[in-house]
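Observations on the three-dimensional arrangement
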Amino acid sequence: RDLRRGNSILKLCSQKKVMNLFSVLVIVGATLAVSVSGQRRSAEVGPYTAQFSGYKYIQRDITNMTTQLLSQSFDFLFLAADFDRYHRDRPGFEQLYREIADQAWSDAIALLQYQSRRGFPGQLDESYLFRVNDHPRMTDELGSLQMALGEEKRVAEMAHAIHQKASVAAEAAKGYDPDAAHFLDRQLIQRRSGSVRKLTGYIHIVNGLINLDTVTRDMGLHLFDHSLKTMQ
């Protein structure tokens, strides 16, 4: 009986060892399978991105424009704050330049989101350096309008240049991307065209006012500033 019990115990132990060994092999095999599967998935994910068409050829230009818009936003915030000072008392000009700053900020955010939508991380131009001299000089009414017109034209021309690369008008077909061209037209080009036209009209009005006598000029600028506040 003792011998039989001993044999039974040995068989049971050997069975447990086999089961434990089998369990270990199953776990190791499953781990290797998951690892290999993960490697295959990571290798297969490569081409499955949101990048397509010719956007990668204009990504750098989009990054530069995003940086330019952010810079413009802060520039016009400084300008708006200057016209909001008590001794200048130009709430209409302050509101005009604050709206330009807000629009530039909104467009920059939209460009960052668009970069992400097209499969690229939202980026800014790393070579851009903050310099005090880059900020607008606090000028009078006419000078500030002329500077604002120049800034809006710069953004419009940058958008036109990128649009040309992304459209059939480009000499090289690498950057052809109708989605990017449509986005630029809807988000930037149409708005900047209206802004350029509006600022040009303001410049002609103010230019006519400053050529009048002192009393009439001051009253005219005050009324024009009031009209800016009510029209915006």
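Going along each chain's sequence as written, the residues are numbered from 1 onward. Totals for whole chains, interfaces and linings use every residue, but because this is a predicted model, local features are given only for residues with pLDDT of at least 70 and side-chain atom pairs only at 80 or more, for both listing and counting. Hydrogens and water are ignored here; the side-chain numbers use all heavy atoms of the structure.

The subject of this paragraph is the side chain of Asp225. You can see Asp225 is positioned in helix H6 (residues 214-231). Burial status follows relative accessibility: with a 1.4 Å probe on protein chains alone, a residue under 20% of its type maximum counts as buried, one over 50% as exposed, and anything between as partly exposed. For the charge count, each Lys or Arg is scored as positive and each Asp or Glu as negative, with His and the chain ends excluded. Whenever a carboxyl oxygen of Asp or Glu lies within 4 Å of a side-chain nitrogen of Lys or Arg, that contact is scored as a salt bridge. Despite its burial, Asp225 pairs with no opposite charge; the closest candidate is Arg90, at 4.8 Å N-O. A distance of 2.9 Å separates the side chain of Asp225 from the backbone nitrogen of Gly92, its partner in a polar contact. Note on definitions: a residue-residue contact is assigned when non-hydrogen atoms from the two residues lie within 4.5 Å. Apart from the residues within four sequence positions on either side, Asp225 is in contact with Asp89, Arg90, Pro91, Gly92 and Phe93. Segments assigned H or I by DSSP are reported as helices when at least four residues long, segments assigned E as strands when at least two residues long, and all are numbered from the N terminus. Whenever a nitrogen or oxygen atom comes within 3.5 Å of another N or O atom, the pair is scored as a polar contact, on the condition that within protein one atom can donate a hydrogen and the other can accept it, and that pairs from neighbouring residues in sequence are kept only if both atoms are in side chains.

What follows is about the pattern of salt bridges. Under the defined criterion, the tally for this structure stands at 13 salt bridges. Linking Asp61 and Lys165 is a salt bridge whose minimum nitrogen-to-oxygen distance equals 2.8 Å. On the criterion of sequence distance, the pair formed by Asp61 in helix H2 (residues 59-83) and Lys165 in helix H4 (residues 141-166) is long-range, its members being 104 residues apart. One salt bridge in this structure joins Arg117 and Asp179, with 3.3 Å as the shortest N-O distance.

This part is about the confidence of the model for the chain. Looking at the chain as a whole, its pLDDT mean stands at 78, while 73% of the residues score no less than 70. Per-residue confidence from the predictor is reported as pLDDT, a score between 0 and 100. For the chain, the element scoring lowest by mean pLDDT is helix H1 (residues 2-45), at 44; helix H3 (residues 91-117) scores highest, at 94. In the predicted structure, residues 1-44 sits below a pLDDT of 50 and forms zero contacts with residues beyond four places in sequence or in another chain. Segment residues 130-135: pLDDT under 50, and five contacts once partners within four positions in sequence are set aside and those in other chains are kept.

Tracing the backbone through its elements, the reader meets Asp82 in helix H2. The class of Asp82 is buried, set by a relative accessible area of 5%. In this structure the side chain of Asp82 is engaged in a polar contact, spanning 2.3 Å, whose partner is the side chain of Arg88.

As a rule, the C-alpha atoms of each element are fitted with a line to give its axis, helices using only the stretch in contact, and angles between N-to-C directions run from 0 to 180 degrees. With their axes 12 Å apart at the nearest point, H3 and H4 run at an angle of 15° to one another. It follows that H3 is roughly parallel to H4 by the angle criterion. Seen from above, H3 lies across H4 with left-handed handedness. Listed contacts from H4 to Phe93, Leu96, Tyr97 and Ile100 of H3 are Glu141, Ser144, Leu145, Ala148 and Glu152. Considering only residue class, the contact of H3 with H4 consists of six nonpolar, one polar and two charged. Geometric relationships in this document are graded by angle, where less than 35 degrees denotes roughly parallel, more than 145 denotes roughly antiparallel, 65 to 115 denotes roughly perpendicular, and other angles denote oblique. Here a crossing is called left-handed whenever its near helix is offset anticlockwise from the far helix by less than a right angle, and right-handed whenever the offset is clockwise. All residues other than Ala, Val, Leu, Ile, Met, Phe, Trp, Tyr, Cys, Pro, Asp, Glu, Lys and Arg, Gly among them, are scored as polar; the first ten of these are nonpolar and the last four charged.

Below, the discussion takes up H3. Residue count minus one, scaled by 1.5 Å, sets the expected span of a helix. Spanning 27 residues, H3 covers 38 Å between terminal C-alpha atoms, matching the ideal 39 Å at 1.5 Å per step. Where H3 ends, the next residue or the one after it, Gly119, has phi of about 90°, a positive value.

With that out of the way, let us pick up unusual backbone geometry. With a phi close to 50°, Asp89 is a non-glycine residue in the positive phi region. Positionally, Asp89 belongs in the loop between H2 and H3. Accessibility expressed as a relative area gives 46% for Asp89, which makes it partly exposed.

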